[in-house]
Amino acid sequence: MTAEPLPEHPDFLWRTPEPRSSYDVVIVGAGGHGLATAYYLAKNHGITNVAVLEKGWLAGGNMARNTTIIRSNYLLDESAGIYEHALKLWERLPEELDYDFLFSQRGVLNLAHTLQDVREGVRRANANRLNGVDAEWLEPDEVAKVCPILNVSPHTRYPVLGGTFQPRAGIAKHDHVAWALARRADEMGVDLIQGCEVTGFLKDGDRVVGVETNLGRIHAGRVGLAAAGHSSVLAERAGVRLPVQSHPLQALVSELHEPVHPTVVMSNHVHVYVSQAHKGELVMGAGVDTYNGYGQRGSFHVIEHQMAAAVELFPVFARAHVLRTWGGIVDVTPDASPIIGATPVENLYVNCGWGTGGFKATPAAGWTLAHTIATGEPHPLNAPFALERFTTGALIDEHGAAAVAH
Amino acid sequence: MLLIACPWCGPRDETEYHYGGQAHVPYPEKPAELDDRQWAEYVFYRDNPKGPFAERWMHAHGCRRWFNALRDTATYEVLATYRLDEPRPDPAAPAAGGER
Ligand SMILES: Cc1cc2nc3c(=O)[nH]c(=O)nc-3n(C[C@H](O)[C@H](O)[C@H](O)COP(=O)(O)OP(=O)(O)OC[C@H]3O[C@@H](n4cnc5c(N)ncnc54)[C@H](O)[C@@H]3O)c2cc1C
Ligand SMILES: [Zn+2]
């Protein structure tokens, strides 16, 4: 691994138009998901009379706060389907968008520390292969070959008993991804409107016909919500109740270091995940705070816990300094899987519940939501992720299957 | 880190507690009469307000008793804590939680 230079930030990426009084489609939220939805509405469906409304600045939400891990090694068929579709799209997006956002397929290791972890890991690697997802089971000595700075000695508190490895997984430069999507959507005619908060909905009976914003009313044929941590607050204004709970999730980075960490390492059991950014920071994340919150900060004991785990796994990090910590608000569903599709309000569609892991899905979330908005029907990849599953009981229970504990 | 006052033990660090989600969600009175939609509401749907929220906490590393807290989810301020047999306090009232 070598330290690659960052791409130049182009001076001019998108227009800053005044909102028009009406659009075919309005998307709420200019995070990665909202921008990808607008991009695929234009590219796949030829729908360009679209506005993306953002209360803050473009991609300033969780898109700018995540630890950028991209992988598709999910256990269940429905999840493998949508996340692997996303990974295939990631593999061609830099060329398609003509923007090098440093998608680096350096692989992801998911460590096992208990016999149960080992069984789950072997099973998941097998399930992945049946679904066409590249994954293998590695013994501790093979783990050490992939990531030589990992401590795989049997004398730690939770020794590394092996791990799954997905070579095609990796990381990308998140804000550049957003800018790349925004530039193309803008070129195709999409209006990206920042500083525009949706405060309510215009309805005609049970049908949504537009939105109320701080910049006035905007009429819309169809409305798509992609508001991440604020999904339920927003949907409630349209009279829709969502089964999501918002939790603070935090991450941190160290000062810059020489390239030492060649892959992405995740450990569910001791709960830390670590990669090294292109500039050299160690990027670390852990679990959500258990309580509901919108404060964009997390509890200190979570950081203490993740640091203890990181230092035990990577003794070489013991004297690294933390440079910065921050939090984002993630919306978690009861089955740890997203909701993408229609709502009880006609012409109102939702994309939410991605919880702690939606960055990796960005292109597929946009692809499927755009399909659903354009055709009024779910795409085969998001059909299982409909809101109705909480009534029918056909849950996609990725808890414990997703290779993360939340 | 939150400082939460257990009604029995007094103020303790967040790490001593276990979180239990929304408070005041009663088991359905006539379960046999619920349709799928109503069961879904009871099992899976909870409020998720940005502001005051009545929620359950358990003093896991202390007296191990459940109690309720009224907490602002935007500021993380714990407005009141109260026993399960006490009504939800009114945060606007001058002596919030004062009826303890
Ligand atoms: C610390 C952290 C680490 C993470 N790590 C990973 C990871 O390694 N890999 C991974 O796959 N995922 C990760 N995630 C999850 C991922 O970031 C999210 O699932 C994903 O970003 C959600 O989609 P989005 O990008 O559109 O959300 P956001 O970027 O949050 O976009 C939502 C936008 O909606 C706007 N909005 C909200 N309400 C309104 C309104 N009323 N009007 C107008 N605009 C509104 C917000 O301002 C925001 O910009 C992480 C998240 C966090 C917080
Ligand atoms: Zn107590």
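Because the structure is a prediction, the values reported are computed rather than measured.

Reading the values: rules and limits
Residues numbered from 1 in each chain as written. Chains lettered and ligands numbered in written order. Predicted model: local features only at pLDDT ≥ 70, side-chain atom pairs only at ≥ 80, totals over all residues. Heavy atoms only, no water. Salt bridge = Lys/Arg side-chain N within 4 Å of Asp/Glu carboxyl O. Helix = DSSP H or I, 4+ residues; strand = E, 2+ residues; numbered from the N terminus. Buried < 20%, exposed > 50% of the residue type's maximum accessible area, 1.4 Å probe, protein only. Donors = N, O, S within 2.8 Å, 3.2 Å for Na, K, Ca; no water. pLDDT = per-residue confidence, 0-100. Contact = heavy atoms within 4.5 Å. Phe/Tyr/Trp six-rings, centres within 6.5 Å; stacked < 30°, edge-to-face > 60°. Lys NZ or Arg CZ within 6 Å of the ring centre and 35° of its normal. Buried area = accessible area lost by both parts, 1.4 Å probe. Polar contact = N/O pair within 3.5 Å; in protein donor to acceptor, adjacent residues only side chain to side chain. Nonpolar A, V, L, I, M, F, W, Y, C, P; charged D, E, K, R; others polar. Near = heavy atom within 4 Å. Areas by Shrake-Rupley, 256 points an atom, 1.4 Å probe, with all protein chains shown as cover. Pairing = 2+ DSSP bridges. Axes fitted to C-alpha atoms, helices over the stretch in contact; angles between N-to-C directions. Expected span 1.5 Å × (residues − 1). Arc of directions from axis to C-beta.

## Observations regarding the pattern of salt bridges
All names here are of chain A.
Here is step 1: In this structure the tally under the stated criterion is 22 salt bridges over all chains.
Here is step 2: Note that D186 is salt-bridged to R15, the shortest N-O span being 2.9 Å. Taken together, the residues D186 in helix α5 (residues 174-187) and R15 in the segment before β1 (22-28) connect sequence positions 171 residues apart.
Here is step 3: For D186, a relative accessible area of 9% gives the class buried.
Here is step 4: Here R15 falls in the partly exposed class, since its relative accessible area comes to 33%.
Here is step 5: Counted as one network, the salt bridges with shared partners bring together E84, K88, E91, D134 and R168.

## Topic: the coordination of the zinc ion (ligand 2)
Between any two of four tetrahedral donors, the ideal angle at the metal is 109.5 degrees; between two of six octahedral donors, it is 90 or 180 degrees.
Residues and elements named next belong to chain B.
Here is step 1: Taken together, C6 (SG), C9 (SG), H59 (ND1) and C63 (SG) make up the protein donors of the zinc ion (ligand 2), found 2.0 to 2.4 Å from the metal.
Here is step 2: Mapped onto the sequence, the residues coordinating the zinc ion (ligand 2) show the spacing C-x2-C-x49-H-x3-C. Taken together, the residues C9 in the loop between β1 (3-6) and β2 (10-13) and H59 in the loop between β4 (52-58) and β5 (66-72) connect sequence positions 50 residues apart.
Here is step 3: Since its relative accessible area comes to 1%, H59 is described here as buried.

## Quick word on the confidence of the model for chain B
Residues and elements named next belong to chain B.
Here is step 1: Looking at chain B, the pLDDT average stands at 92 and 91% of residues meet or exceed 70.
Here is step 2: Across residues 96-100, confidence stays below pLDDT 50; counting only partners more than four residues off in sequence or on other chains, it has 11 contacts.
Here is step 3: Per the prediction output, this complex has pTM 0.96; the corresponding ipTM is 0.92.

## Thoughts on the packing of aromatic side chains
Here is step 1: Using the criterion set out here, one finds 17 aromatic pairs over all chains in the structure.
Here is step 2: With 5.6 Å between their ring centres and 65 degrees between their planes, F390 of chain A and F44 of chain B make a pair best called edge-to-face. Of this pair, F390 of chain A sits in helix α9 (residues 389-392) while F44 of chain B sits in helix α1 (residues 36-44), placing the two residues on different chains.
Here is step 3: Judged by centre distance (5.6 Å) and plane angle (90 degrees), the rings of Y27 of chain B and Y42 of chain B are edge-to-face. Of this pair, Y27 of chain B sits in the loop between β3 (18-22) and α1 while Y42 of chain B sits in helix α1; the two residues are 15 residues apart in sequence, bridging distant segments of the chain.
Here is step 4: Through a chain of ring-to-ring contacts, the aromatic side chains of Y291 of chain A together with Y17, Y19, W57, F67 and Y76 of chain B assemble into a single cluster.
Here is step 5: Positioned over the ring face of Y45 of chain B is R37 of chain B, at 4.8 Å from the centre of the ring.

## Some words on the interface of chain B and chain A
A common way to report how large an interface is uses the accessible area buried once the components associate.
Here is step 1: Each side of the interface is counted separately: chain B has 23 residues, and chain A has 26 residues.
Here is step 2: Here chain B and chain A share an interface that buries about 2200 Å² over both sides, 52% of which is from carbon and sulfur atoms.
Here is step 3: For the interface between chain B and chain A, the tally reads 2 salt bridges.
Here is step 4: Taking the shortest distance from any N to any O, the salt bridge between R241 of chain A and D47 of chain B comes out at 2.7 Å.
Here is step 5: Where chain B packs against chain A, one counts 18 residue pairs in polar contact (both at pLDDT 80 or more).
Here is step 6: Secondary-structure elements contributing two or more residues to the side of chain B that touches chain A are α1 and β4 of chain B.
Here is step 7: Of the residues contributing to the side of chain B that touches chain A, the split by class is 11 nonpolar, 4 polar and 8 charged.

## Quick notes on the site of ligand 1
Residues and elements named next belong to chain A.
Here is step 1: The environment of ligand 1 is formed by 36 residues, the closest being E54, N62, M63, T67 and K360.
Here is step 2: Within the backbone of V198, a nitrogen or oxygen atom sits 3.0 Å from a nitrogen atom of ligand 1.
Here is step 3: With respect to ligand 1, the backbone of G357 contributes an N or O atom lying 3.1 Å from an oxygen atom.
Here is step 4: Coverage of ligand 1 by the protein chains reaches 96% of its 1000 Å² of free accessible surface.
Here is step 5: For the shell around ligand 1, the secondary structure elements donating two or more residues are α1 (32-45), β12 (245-256) and β16 (322-332).
Here is step 6: Element by element, the count of residues in the shell around ligand 1 is highest for β12, at 3 residues.
Here is step 7: Of the residues that constitute the shell around ligand 1, the class distribution is 15 nonpolar, 16 polar and 5 charged.

## Comments concerning the side chain of T164 of chain A
Residues and elements named next belong to chain A.
Here is step 1: Tracing the chain through its elements places T164 in strand β6 (residues 162-166).
Here is step 2: Residue class for T164 comes out buried when judged on its relative accessible area of 3%.
Here is step 3: With sequence-adjacent residues up to four places away left out, T164 is seen in contact with N73, V108, L109, N110, G121, R124, A125, E136 and W137.

## With respect to the sheet that holds strand β6 (residues 78-82) of chain B
By way of backbone hydrogen bonds, the strands of a sheet pair with one another, either parallel or antiparallel.
All names here are of chain B.
Here is step 1: An order of β3-β4-β5-β6 is seen for the 4 strands of this open sheet, with the pairing classed as antiparallel. If you trace the sheet from one side to the other, it starts and ends with β3 and β6, each paired once. Taking the axes of each pair of neighbouring strands and ignoring which way they run, one obtains an average angle of 30 degrees across the sheet.
Here is step 2: Both β3 and β4 contribute to a ladder of 3 bridges, which runs antiparallel. Pairing of H18 across the sheet is with M58, part of β4.

## A short note on helix α7 (residues 300-313) of chain A
Residues and elements named next belong to chain A.
Here is step 1: With 14 residues, α7 extends 20 Å between its outermost C-alpha atoms, agreeing within 8% with the 20 Å of an ideal straight helix rising 1.5 Å per residue.
Here is step 2: Taken together, the buried positions of α7 are occupied by V302, I303, Q306, A309, A310 and L313. Take α7 and look down its axis: the buried residues cluster within an arc of 130 degrees, on one side only. In this structure, α7 carries F300 and H305 as exposed residues pointing more than 90 degrees from its buried face.
Here is step 3: Residues of α7 that are buried make contact with β4 (108-112), β12, β13 (264-267), β14 (272-276), β15 (281-288) and β16.

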